[in-house]
Amino acid sequence: MNEAVSKSLFQPDILVDPFEFYEEKRAKSPVFFDEASGTYIVLDYDLISEAVGRLDDFSNNFNALLSGGKSEEELENDKEVQEIQAKGWPQVNTLLTADQPVHTRFRKLVNLAFSMPKVNKLEDSMREMSNELIDNFIDKGECEFVSEYAIPMPVRTIAVQLGLDVADAHTIKRWTNAFVDRLSGMMTRERQLETEREVVEYQHALKANMDERRKEAKQDILSDLVNAQVDGERPLDDAESLSIVQQLMVAGNETTTAALGEGMRLFATNPDQYKMIQDDPSLIPNAVEEVLRMSSGSSGIWRVMHRDAELGGVMLPKGAMVMMRYHAANRDPKQFENPNEFHVDRKNARTHLAFGKGIHMCVGNMLSRKEMTVSFQQFAKRMDNIRIQEGAKLNYPPNMMLRGLANLPILFDKK
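A quick note: this is a predicted structure, and the numbers were derived from the prediction, not measured. (Residues numbered from 1 in each chain as written. Predicted model: local features only at pLDDT ≥ 70, side-chain atom pairs only at ≥ 80, totals over all residues. Heavy atoms only, no water.)

Novice: Which parts of the structure should I look at to understand the overall build of the chain?
Specialist: Across its full length, the chain carries 19 helices and 10 strands. For 415 residues, the compact-globule estimate of 2.2 N^0.38 gives 22 Å, and the C-alpha radius of gyration of the chain, at 21 Å, lies within 12% of that figure. Overall, the chain is about 60 × 60 × 45 Å in size when its C-alpha atoms are taken along their principal axes. The buried share of the chain, taken over its 415 residues, is 54%. Within the chain, residue pairs in contact and separated by at least 24 positions form 73% of the contacts whose partners lie at least 6 positions apart. Taking the average location of the 50 positive side-chain charges in the chain and that of its 65 negative ones, the two points are 2 Å from each other. (Helix = DSSP H or I, 4+ residues; strand = E, 2+ residues; numbered from the N terminus. Rg over C-alpha atoms; globule rule 2.2 N^0.38 Å. Buried < 20%, exposed > 50% of the residue type's maximum accessible area, 1.4 Å probe, protein only. Contact = heavy atoms within 4.5 Å. Lys, Arg positive; Asp, Glu negative; His and termini not counted. Charge placed at Lys NZ, Arg CZ, Asp CG, Glu CD.)

Here is the structure:
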């Protein structure tokens, strides 16, 4: 058997750079069983689009994986974890891990906080934050882009909306890292216990902010969430609100950080495309979509089989874990011509699956798109001749569900 084909998707080296692996596997079988992980992998754009709509076959309830992949029985017997969790609020199925009809209620309530008019109202504050961050390094002609921009921009944005102290971005990032590590599938026992403690710490901090907004609402997402009422639905309780905000913290900054970092890398390595958005800023919204297609900060999402069902000629047994690999779908040559090339004017860029598809499409997608659009606009106005520092070794930490640069040292000319 070909060595590359026999490898597991979830090997660290494959997770770091999976695209050649995707091409080889998709050519042989777009749905295959990954023996090392015991998971079925789906790589084909059309099949993923089909599967996420088959709600009776594919369940979103993969909550056990968020606790290190342990079964409910194993979790019940894990006294150390239970002792930590008892100090906080229970993890409940809300948006990410809920099926119908439970998901419908949460989606209705959360959509109120993420409507386009509400997101549009944040544009001026986003632009102000973007310029403040760029001001910190523009005169130097260089920066470590991930730590100096890609992390603080979305962290500050979500912090303001959750009533958290923007000055304490380190704490917000630490909480987010705890949530991300629970998704990584690669935690040590020590790290698992640490993430449980950090989740409880986060819960108590957010609970205090939630209580304040129930007494007096403010102009932010947290107020909209905790006070949301629609169609007679029961308002969100504490555990539900904390679960949703936890997911929003990851979706609201980790995946946006990844997209911003990858976008800057793509502009630095494709100067002709950067020149295009500088010459014609009307291309920037489409450039955002093309960056999302190429980067797909959310590499994929789990599903669990409700029942025996077939997909792409492969029978998937009841209870099987299935990974819908958005990364691969977004570079499927049947959907995207020359899929590994970056074109800011690509006609069908917006058909990507970076935010998922169907009822579970990321609720914060408009917020992320707005942050990226504002950022790219400011880069194009203020920075010329962007390039990666010579000899820089770029690092993508391995993670089953997320992929993003840990570092990106760049040079540029002040415009």
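Novice: What's the story with the pairing of strand S8 (residues 321–324) in this structure? I'm lost.
Specialist: Consecutive side chains along a regular strand alternate between the two faces of the sheet. Burial of S8 is two-sided: the residues Met321 and Met323 facing one way and the residues Val322 and Met324 facing the other way are all buried. In the sheet, strand S5 (residues 301–305) pairs with S8 via 4 bridges, with the strands oriented antiparallel. Its bridge partner lying in S8, Arg303 is registered against Val322. (Pairing = 2+ DSSP bridges.)

Novice: Whenever I open this one, the packing of helix H9 (residues 123–135) against helix H19 (residues 365–382) confuses me. Can you help?
Specialist: Packed helices, taken two at a time, are described by their axes: the angle between them and the distance between them. Where H9 meets H19, the axes come as close as 9 Å, and the angle between the chain directions of the two elements is 45 degrees. It follows that H9 is oblique to H19 by the angle criterion. Here the hand of the crossing between H9 and H19 comes out right-handed. Along its contact with H9, which presents Glu123, Met126, Arg127, Ser130, Asn131, Ile134 and Asp135, the element H19 presents Leu367, Lys370, Glu371, Val374, Ser375, Gln377, Gln378, Phe379 and Arg382. Here the residues of the contact of H9 with H19 are counted per class, giving 5 nonpolar, 5 polar and 6 charged. (Axes fitted to C-alpha atoms, helices over the stretch in contact; angles between N-to-C directions. Parallel < 35°, antiparallel > 145°, perpendicular 65-115°, else oblique. Left-handed = near helix turned anticlockwise from the far one by under 90°. Nonpolar A, V, L, I, M, F, W, Y, C, P; charged D, E, K, R; others polar.)

Novice: Is there a simple way to explain the packing of aromatic side chains in this structure?
Specialist: Aromatic ring pairs are reported here in terms of the distance separating the ring centres and the angle at which the planes meet. In the structure shown here, the tally under the stated rule is 15 aromatic pairs. With a centroid separation of 5.9 Å and 80 degrees between ring planes, the pair formed by Phe19 and Tyr22 is classed as edge-to-face. Of the two residues, Phe19 and Tyr22 both sit in helix H3 (residues 19–28), 3 residues apart, roughly one turn of that helix. Accessibility assignment for this pair places Phe19 and Tyr22 in one class, buried. Look at Phe21 and Phe32: their rings are 6.3 Å apart centre to centre, the planes differ by 65 degrees, and that puts the pair in the edge-to-face class. Residue Phe21 is found in helix H3, and its partner Phe32 is found in strand S1 (residues 31–34); the two are separated by 11 residues along the sequence. Assigned by exposure class, Phe21 and Phe32 land together as buried. Aromatic ring contacts, followed pair by pair, group Phe145, Tyr149, Phe267, Tyr274, Phe342, Phe376 and Phe379 into a single cluster. The ring of Phe32 has Lys25 sitting right over it, with the charged end atom 4.3 Å from the ring centre. (Phe/Tyr/Trp six-rings, centres within 6.5 Å; stacked < 30°, edge-to-face > 60°. Lys NZ or Arg CZ within 6 Å of the ring centre and 35° of its normal.)

Novice: Sorry, what's going on with the nonpolar core here?
Specialist: If you look at the biggest cluster of nonpolar residues, it comprises 79 residues, and the most contacted ones within it are Phe145 and Met383. The leading source of residues in this core is helix H15 (residues 238–269), at 12 residues. Discounting residues that sit within four places of it in the chain, Phe145 has contacts with Ala150, Leu260, Gly261, Met264, Phe379, Leu408 and Ile410. (Core = buried A, V, L, I, M, F, W, Y, C linked by side-chain atoms within 4.5 Å.)

Novice: Teacher, can you tell me more about helix H17 (residues 284–295) here?
Specialist: Over its 12 residues, H17 runs 16 Å from end to end, which matches the ideal 16 Å to within 8%, given 1.5 Å per residue. With respect to burial, H17 is a largely interior element, 10 of its 12 residues being buried. Considered for burial, the residues of H17 that qualify are Ile284, Ala287, Val288, Glu289, Glu290, Val291, Leu292, Arg293, Met294 and Ser295. On the buried face of H17, the contacting elements are H3, H15, helix H16 (271–279), helix H18 (326–329) and H19. Immediately beyond the C-terminal end of H17, within one or two residues, lies Ser296, with a positive phi of roughly 45 degrees. (Expected span 1.5 Å × (residues − 1).)

Novice: Is there a simple way to think about the side chain of Arg382 in this case?
Specialist: Tracing the backbone shows Arg382 in helix H19. In this structure the side chain of Arg382 is engaged in a polar contact, spanning 2.6 Å, whose partner is the side chain of Asp135. With near-sequence residues (within four places) excluded, Arg382 lies in contact with Asn131, Ile134, Asp135, Ile138, Asp413, Lys414 and Lys415. (Polar contact = N/O pair within 3.5 Å; in protein donor to acceptor, adjacent residues only side chain to side chain.)

Novice: Which parts of the structure should I look at to understand the sheet that holds strand S4 (residues 142–144)?
Specialist: Paired through backbone hydrogen bonds, the strands of a sheet run either parallel or antiparallel to each other. Across the sheet, which stays open at both edges, the 3 strands sit in the order S4-S10-S9 with antiparallel pairing between neighbours. Looking along the sheet, the strands with just one partner apiece sit at the ends: S4 and strand S9 (383–388). On average, each strand axis in the sheet is tilted by 25 degrees relative to the strand beside it, whichever way the strands run. Here H15 sits on the sheet in contact with S9 and strand S10 (409–414), set at roughly 95 degrees to S9.

Novice: Help me understand the environment of Val155 in this model?
Specialist: Secondary-structure assignment places Val155 in helix H11 (residues 152–161). Sequence separation between Val155 and Gly252 is 97 residues, and the spatial gap between their C-alpha atoms is 7.8 Å. Look past the residues within four positions of Val155 in its chain and what remains in contact with it is Ala169, Ile172 and Asn253.

Novice: Just to check I follow, could you spell out the sheet that holds S1 for this structure?
Specialist: In spatial order, the strands read S1-S2-S8-S5-S3; together these 5 strands make up an open sheet with mixed pairing. Each having just a single partner strand, S1 and strand S3 (58–59) make up the two edges of the open sheet. As paired strands, S1 and strand S2 (residues 39–42) are joined by 4 bridges and run antiparallel to one another. Bridging from a neighbouring strand, Val31 pairs with Val42 of S2.

Novice: Which parts of the structure should I look at to understand H9?
Specialist: Helical periodicity: at 3.6 residues per turn, an α-helix aligns residues three or four positions apart in one direction. Over its 13 residues, H9 runs 18 Å from end to end, which matches the ideal 18 Å to within 8%, given 1.5 Å per residue. Listed as buried for H9 are Met126, Met129, Ser130, Leu133 and Ile134. Along H9, the residues classed as buried sweep out an arc of 130 degrees about the axis, all on the same side. Opposite its buried face, H9 presents the exposed residues Asp124 and Glu128, each directed more than 90 degrees away. Buried residues along H9 sit in contact with helix H10 (145–150), H11 and H19. (Arc of directions from axis to C-beta.)

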